[in-house]
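Survey of secondary and tertiary structure
For reference, the chains in residue letters:
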Amino acid sequence: MVIEKKDFEAAPDWEAGRSKIITFILTEDCQLHCKYCYFVGKNSRNRMSIEIAKRTIDYLLSEPDLFPESSIVLDFIGGEPLLEIDLLDKICDYFKLQSYLKMHTWFGRYRISLSTNGLLYSNESVQRFIRKNKYHLGIGITIDGTRKKHDLQRVFPNGRGSYGQVVKQIPLWLMQFPNSSTKVTIAREDLPYIKESILHLWKLGIKYVNSNLIFENVWKDGDDDILEDQLIQLSDTIIENQYYIGHSCSFFSRLIGKPVISDVNWCGAGKMLAVDSTGSFYPCVRFTPFSLQKKEAIVVGNCYEGIDSNLLRPFLALNLQSQSQKECLECQVASGCAWCQGMNYDEATTDTIYQRSIYLCKMHKARVRANQYFWNKLDKEK
Amino acid sequence: MLEYILLIADEGAVSFCHYENEDYDKGVSKLIPLDKFKRIVNYASEHNLILNVLLGHKNLTDEHLRILSGVSHIKLVPYELSNSFPDAVPVLDWESSGQFSKIREKQIDNLIIRLDGYPMVDLRAIIRHFIDFTKRINIVLKDLKKLTEENLISYQYQLNRIIPLIERCYLDGKAFELNCLSDRLLLKGMNNCNAGIRHITFAPNGKFYICPGFYYSAPQNDIGSLEEGLKIPNQELLQLDHAPICSVCDAFHCKRCIYLNKITTHELNTPSRQQCMLSHMERNASRRLLRRLKPAIQNPQEFTDIPEVDYLDPLEVLQEQKTFNKIKLYSICKGDV
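Residues numbered from 1 in each chain as written. Chains lettered and ligands numbered in written order. Predicted model: local features only at pLDDT ≥ 70, side-chain atom pairs only at ≥ 80, totals over all residues. Heavy atoms only, no water.

So, about the overall build of chain A. The helix and strand tally for chain A stands at 13 helices and 11 strands. Here chain A has a C-alpha radius of gyration of 21 Å; the compact-globule value for 382 residues is 21 Å, and the two agree. Within the span of chain A, comprising 382 residues, buried residues form 56% of the whole. Accessible surface, chain A as shown: approximately 16600 Å² in total, 51% of it carbon and sulfur. Between the centroid of the 47 positive side chains of chain A and the centroid of its 45 negative side chains there is a distance of 4 Å. (Helix = DSSP H or I, 4+ residues; strand = E, 2+ residues; numbered from the N terminus. Rg over C-alpha atoms; globule rule 2.2 N^0.38 Å. Buried < 20%, exposed > 50% of the residue type's maximum accessible area, 1.4 Å probe, protein only. Areas by Shrake-Rupley, 256 points an atom, 1.4 Å probe, with all protein chains shown as cover. Lys, Arg positive; Asp, Glu negative; His and termini not counted. Charge placed at Lys NZ, Arg CZ, Asp CG, Glu CD.)

Now the structure itself:
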């Protein structure tokens, strides 16, 4: 069987990473208290004002030299961004108007991106916003897999699972955004449910499933065996049922498990910018005070005074070589081994972003073994 | 490998580099306790390390001097103490042109001049003043971290005005070096400050630091003591191969000041834009000097060519390389190459 190039490919990426991504942290509140969430300081106090958002947009539009990208992604997260749908709508309107008035390159070349828990998706105010911004909008609803897997992590403050309420929103979401993907986050307790969860999501109609293991120091001996076993079982089912046609799961890729061939940094921190309710700028949301447990936040500027470009330089200069141990540089299966710059910083011995955590080492190697199994078996099917 | 120790012998010791010492500015003098002084001198002697002793406005006691006399050392002293220590390296904090009248002309091998980059003084006048009775001048801009691109362009203008003076020295066979123009001429690889690698600092509190700047700005961030030994966490970040911007740079004479890196970019291995621009303006001025010298000097092969470049900040080179790598990687992934 010939495996077409279009099979098992990831979801299309708008502008393929060429845009400037600006993340507005609208609120630090969320209806859920997901157990694996890196956002450790949830609260209902810190909500972005429209003035802060407007100042941020004014600043972004007034500095074309600093932001030379030909397009922009207005990324909204929280907390839960749909809790602030009216504010979100006003911010988008302000951007559209100002980019038009300033005849900025970004007028018309923008994308609105939302990551939501989905609970408010069908609300009229949200639906009105979707209708209004349909051609520039991408929404990702997070659903983690089967009810069992989802409810292990994605719970209300009283501990009740949210699966039942989220899954109801999926048909409408897929009707409005048929090529959407979801992001599955896997903590230690979730490992035995990987296979059934990926298959379940495909069955729900979500064709593209991005999955990642949490970066924190939680993995124990033997977890790698469970991961490998799950992925091998998943491989067998995919191949047996030809699910590789019209679906994808980021656990499997022909690009992973090879020696590194590029010195490019894995993470995009610093190339993107996050702004919170105080108007402070961060290299990404993982450097905000509420995302860090051990270290001070890294603020690189604010919407009043702009960016201190010297503070962005370490992020722009980051490469594989400068932050990796010898063991990682010499690793024969290093490609695809992921890291989070914010987590690295939080865990580093000193206040540096140049010390890479390797908590995922064994898990990555297990994934590589399963990945090789998958492609070998699939190629034999040809 | 460790080669020498910077010993802060007085809390009010003169700064010879980019860091500031408020105690020195206030005229405070508090000598290092004798027992600590004795122990670090012994330590240096046992480990074959040279001591660079930093003094303040007042001289050391006879007992300090007696202990010091037994080991290899260099003293760095405020200019006003240079009469007492003819073999020391004097540090002159340049305040204004009015200072010319206060400076006595005397033979000095090696002189450090600290001055502000803004407002930029008449650097050519200063060099002209000292050129006949010094063998080497090190210029240090005190306020580098605050300088704007316009300020740095003024500095570049000053460098261009000094080139003929240095050229004349070479052509006349006079041994004279100016760090910001001469050093790059003979270098074929990075020759930086190397704080934490070639040298460490011992402070009056009995602790070790990466350099005096770290002691004066954050005394809690020591790197050990004589009792505990030395421990520099993430020491690899001091090395060139862990400094991505510096790794693609050929301003070989640049100080790569770790202390300035930390206070301007918050990372030990990342220079500020000001540091990079300054070093490149000096590099390019050295290139202009070399072009003028080459036809006239006897051994032009001693000098390595300094190529023309179209940037002042090597971060741009790094980003171009990254974009290229990204495109290449993307092409490989897509099977296009």
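Read on, since the account is not over.
Moving on to the nonpolar core. Among the nonpolar cores identified, the biggest contains 117 residues, and A:Phe24, A:Phe76 and A:Ile91 are the most heavily contacted of them. Among the domains, domain 1 (10–141 + 270–317) and domain 2 (215–267 + 319–382) of chain A are the pair contributing at least three residues each to this core. Dropping the residues within four chain positions of it, A:Phe24 is found in contact with A:Met48, A:Ala53, A:Thr56, A:Ile57, A:Leu74, A:Asp75, A:Phe76, A:Ile77, A:Ile91 and A:Val275. B:Leu68, B:Leu147, B:Cys180 and B:Ile223 belong to the second-largest nonpolar core, a separate cluster that totals 100 residues. (Core = buried A, V, L, I, M, F, W, Y, C linked by side-chain atoms within 4.5 Å. Domains from an automatic or database assignment. Contact = heavy atoms within 4.5 Å.)

Residues and elements named next belong to chain B. What the nine strands build is an open sheet, ordered E7-E6-E5-E4-E3-E2-E1-E8-E9; its pairing is mixed. On the outer flanks of this sheet lie strand E7 (177–178) and strand E9 (208–209), each paired with one strand and no other. Bridge analysis of strand E5 (residues 108–115) against strand E6 (residues 134–141) gives seven bridges, and the strand direction is parallel. In the sheet register, Leu115 faces E6, and the bridge partner there is Leu141. (Pairing = 2+ DSSP bridges.)

What follows concerns a nonpolar patch on the surface. A cluster of nonpolar side chains, A:Leu97, A:Tyr100, A:Leu101 and A:Phe107, forms an exposed patch at the surface whose accessible area comes to about 430 Å². Tracing the backbone through its elements, the reader meets A:Leu97 in helix H2 (residues 85–101). (Patch = residues over 30% accessible without salt bridge, like charges linked within 9 Å, V, L, I, M, F, W, Y side chains within 5 Å. Salt bridge = Lys/Arg side-chain N within 4 Å of Asp/Glu carboxyl O.)

Our focus in this paragraph is the pairing of strand E4 (residues 137–141) of chain A. Residue and element names in this part refer to chain A. On E4, burial follows the alternation: Leu137, Ile139 and Ile141 on one face are buried, whereas Gly138 and Gly140 on the facing-out side are not. In the sheet, strand E3 (residues 110–116) pairs with E4 via five bridges, with the strands oriented parallel. Looking at the pairing, Thr116 lines up with Ile141 of E4.

With the rule as written, the count across this model stands at 20 aromatic pairs over all chains. Both rings, one in B:Tyr209 and one in B:Tyr215, keep their centres 5.1 Å apart while their planes meet at 55 degrees; by these two values the pair is tilted. One exposure class covers both B:Tyr209 and B:Tyr215, and it is buried. Through a chain of ring-to-ring contacts, the aromatic side chains of B:Phe16, B:Tyr19, B:Tyr209, B:Tyr215 and B:Tyr216 assemble into a single cluster. Between the NZ or CZ atom of A:Arg160 and the centre of the ring of A:Phe156, over which it lies, the distance is 4.6 Å. Of note, A:Lys295 hangs over the ring of A:Tyr345, and the distance from its end group to the ring centre comes to 5.3 Å. (Phe/Tyr/Trp six-rings, centres within 6.5 Å; stacked < 30°, edge-to-face > 60°. Lys NZ or Arg CZ within 6 Å of the ring centre and 35° of its normal.)

At the junction of the two partners, chain B supplies 30 residues and chain A supplies 24 residues. For the pair chain B and chain A, the two sides together bury roughly 2300 Å², of which 54% comes from carbon and sulfur. For B:Asp313, the salt bridge goes to A:Arg313, with nearest N and O atoms at 2.6 Å. Where chain B meets chain A, there are eight residue pairs in polar contact (both at pLDDT 80 or more). At the level of secondary structure, the elements contributing two or more residues to the side of chain B that touches chain A comprise helix H8 (244–247), helix H9 (258–265), helix H10 (273–293) and helix H11 (315–334) of chain B. In terms of residue count, H11(B) provides more of the side of chain B that touches chain A than any other element does, 10 residues in total. (Buried area = accessible area lost by both parts, 1.4 Å probe. Polar contact = N/O pair within 3.5 Å; in protein donor to acceptor, adjacent residues only side chain to side chain.)

The next thing to look at is the pattern of salt bridges. Within this structure, the stated rule accounts for 37 salt bridges over all chains. Salt-bridge contacts for B:Arg66 lead to B:Glu63; the nearest nitrogen and oxygen are separated by 2.8 Å. Remark: B:Glu63 and B:Arg66 occur in helix H3 (residues 62–68); sequence separation between them is three residues, near one turn of the helix. In this structure, the salt-bridge partner of B:Arg184 is B:Asp250, at a minimum N-O distance of 3.8 Å. Within this pair, whereas B:Arg184 is found in the loop between helix H6 (179–182) and strand E8 (199–202), its partner B:Asp250 is found in the loop between H8 and H9, the two being separated by 66 residues in sequence. Of the two residues, B:Arg184 and B:Asp250, both sit in the buried class. Among the charged side chains, a salt-bridge network with shared partners connects A:Arg313, B:Glu149, B:Arg273, B:Asp313 and B:Glu316.

What follows covers H9(B). Summarising burial for H9(B): six of the eight residues are buried, a large majority. Those residues of H9(B) that fall on the buried side of the exposure criterion are B:Ile258, B:Tyr259, B:Leu260, B:Asn261, B:Thr264 and B:Thr265. In this structure, the buried side of H9(B) is in contact with helix H9 (309–317) of chain A together with helix H7 (212–217) and H10 of chain B. Count one or two residues on from H9(B) and you reach B:His266, which has phi positive near 70 degrees.

All names here are of chain A. The contact between helix H7 (residues 194–204) and helix H8 (residues 223–240) brings their axes to 8 Å, and the two run at 40 degrees. Where H7 approaches H8, its residues Ile194, Lys195, Ile198, Leu199 and Trp202 are matched on the opposing element by Leu227, Gln230, Leu231, Gln233, Leu234, Thr237 and Ile238. For the contact of H7 with H8, the per-class residue count stands at eight nonpolar, three polar and one charged. (Axes fitted to C-alpha atoms, helices over the stretch in contact; angles between N-to-C directions. Nonpolar A, V, L, I, M, F, W, Y, C, P; charged D, E, K, R; others polar.)

What follows deals with the domain arrangement of chain A. Residues and elements named next belong to chain A. Taken domain by domain, chain A consists of domain 1 (10–141 + 270–317) and domain 2 (215–267 + 319–382). Taken over C-alpha atoms, the centre of domain 1 sits 28 Å from the centre of domain 2. The interface of domain 1 with domain 2 comprises 15 residues on the first partner and 16 residues on the second. Here domain 1 and domain 2 share an interface that buries about 1200 Å² over both sides, 51% of which is from carbon and sulfur atoms. The interface formed by domain 1 and domain 2 includes two salt bridges. Note that Arg286 is salt-bridged to Glu216, the shortest N-O span being 3.2 Å. Counting every contact that joins domain 1 to domain 2 gives 11 residue pairs in polar contact (both at pLDDT 80 or more). The residue inventory of the side of domain 1 that touches domain 2, partitioned by class, reads eight nonpolar, two polar and five charged.

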